Amino acid sequence: MSNSSLVNYTKISPNSNNPRNSAIKKITIHHCAGNVTVEALGDVFAPVSRQASANYGIDSDGRVGMYVEEKNRAWTSSSGENDHQAITIEVANDGGAPDWHVSDKALAKLIELCVDICKRNGIQSLNYTGDASGNLTRHNMFAATTCPGPYLQGKFPYIADEVNRRLNQSVEKAPSGRIAAYHKLDGTDVGRGADKLIRYTGVRTGTNVYGFEVPIDRNGIATRNPEYVGNSAVPAGGYVLSGHGEAGQWLYANVREGYQVGIYDGNVKAVQACCKSLDGVNTGRGENQLIAYTRGMTGTNPYGFEVCIVDGVATTDPVYGEGNIIVADGTYVLSGHGTAGQWLFNNVKKGTRVTVDTNIGFVKVE
Ligand SMILES: [Zn+2]
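None of these values were measured; they are calculated from a predicted model.

Student: When you look at the coordination of the zinc ion in this model, what are you seeing that I'm missing?
Tutor: For a metal with four tetrahedral donors the ideal donor-metal-donor angle is 109.5 degrees, while six octahedral donors give ideal angles of 90 or 180 degrees. Protein coordination at the zinc ion comes from His 30 (ND1), His 139 (ND1) and Cys 147 (SG), with a distance range of 2.1 to 2.3 Å. Motif for the zinc ion, donor spacing along one chain: H-x108-H-x7-C. Residue His 30 is found in strand S3 (residues 26–31), and its partner His 139 is found in the loop between strand S8 (136–138) and helix H4 (150–154); the two are separated by 109 residues along the sequence. Here His 30 matches His 139 in class, with each residue buried.

Here it is as structure tokens:
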């Protein structure tokens, strides 16, 4: 069992059963009945006399604290049977009684955390039945309490729907399904006319919102799906493709995050692929960074996913929570924090073919 890569702060509470006596099958959402930071919540759960804890907490800024590792049972829901099976999450309130409102940031992070918990623990979907038979449960199903409060309780159907929608997004391929697609490039760093495809190399595109835009990084890799937005930021050493009308539709139909994109003879060529640029080689791993290690030990902390690549093949699923692992001669270790760790987890499994190019600085998953 691993812990979430979304954690910003860890303070382990003594109030837990180690290990839990069941596989993780459920999520139970609570409210803090106060506007506490993740640090303050750690202090609440620290004394043995408190006799309470939670696996995770989320504060009103959307920061995540961990107080009981997932492999252990937290004391949260007044039900040992539930908590042995559940990951419990406390959410701070940015408003008081009677509604106990929670911030949009906290709600968004809660959904993100639930998706992450389900993916790592093999929970196929969240089923909110309104009683304890489902796998999304509330404190007030087990005890006479207002927890999780009317505002958050009202969001439970939405939380389940949104988590399930994201769990069901398989590896997304472009709608056209073409391995390689081409479109005429109509200009560079000029105004974007009707149905034109323009490349922007400055700081931002300066375009209006009526088109699709996709950033292409220094290695020719799309860093996200095309979005219907204007004035996108240009990645360092790369460019943004901006398409209006038919050209925008072409971008949407043929480019996805991780695809390789190049410009040849005045045409844009988009090739279906699963690539990501490295943020460094044999160097410290910063927030949301993907680093390749080729020698010695990684020197990383436990807050990321790491995977060994031997003869171009991943030897395990990416492992969370170890850090500072040994790099055998002639092999690679890929280490990802935050969004890069999630990318590793989503795209690499034991046996996946992975090409690591430390000269150009990118990773390609076959
Ligand atoms: Zn509660």
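Student: Please clarify how the sheet that holds strand S5 (residues 64–66) should be interpreted in this entry.
Tutor: Strand-to-strand pairing in sheets goes through backbone hydrogen bonds, with the strands running parallel or antiparallel. If you trace the six strands from one edge of the open sheet to the other, you get S1-S5-S4-S7-S3-S8, paired in mixed fashion. With one partner strand each, in any of the chains shown, strand S1 (9–10) and S8 form the two edges of the open sheet. On top of the sheet, helix H5 (residues 156–167) reaches S3 and S8; it is set at about 155 degrees to S8, its chief contact.

Student: Could you clarify how one ought to interpret the pairing of strand S12 (residues 212–216) in this entry?
Tutor: Successive residues of a regular strand alternate their side chains across the two faces of the sheet. Burial analysis of S12 places five of its five residues in the buried class, which makes it a mostly covered element. Because side chains alternate across S12, one face comprises the buried residues Phe 212, Val 214 and Ile 216, and the other comprises Glu 213 and Pro 215, equally buried. Relative to strand S13 (residues 227–228), S12 runs antiparallel, the two sharing two bridges. Counted as the bridge partner of Glu 213 is Glu 227 from S13.

Cut-offs applied
Residues numbered from 1 in each chain as written. Predicted model: local features only at pLDDT ≥ 70, side-chain atom pairs only at ≥ 80, totals over all residues. Heavy atoms only, no water. Donors = N, O, S within 2.8 Å, 3.2 Å for Na, K, Ca; no water. Helix = DSSP H or I, 4+ residues; strand = E, 2+ residues; numbered from the N terminus. Buried < 20%, exposed > 50% of the residue type's maximum accessible area, 1.4 Å probe, protein only. Pairing = 2+ DSSP bridges. Contact = heavy atoms within 4.5 Å. Axes fitted to C-alpha atoms, helices over the stretch in contact; angles between N-to-C directions.

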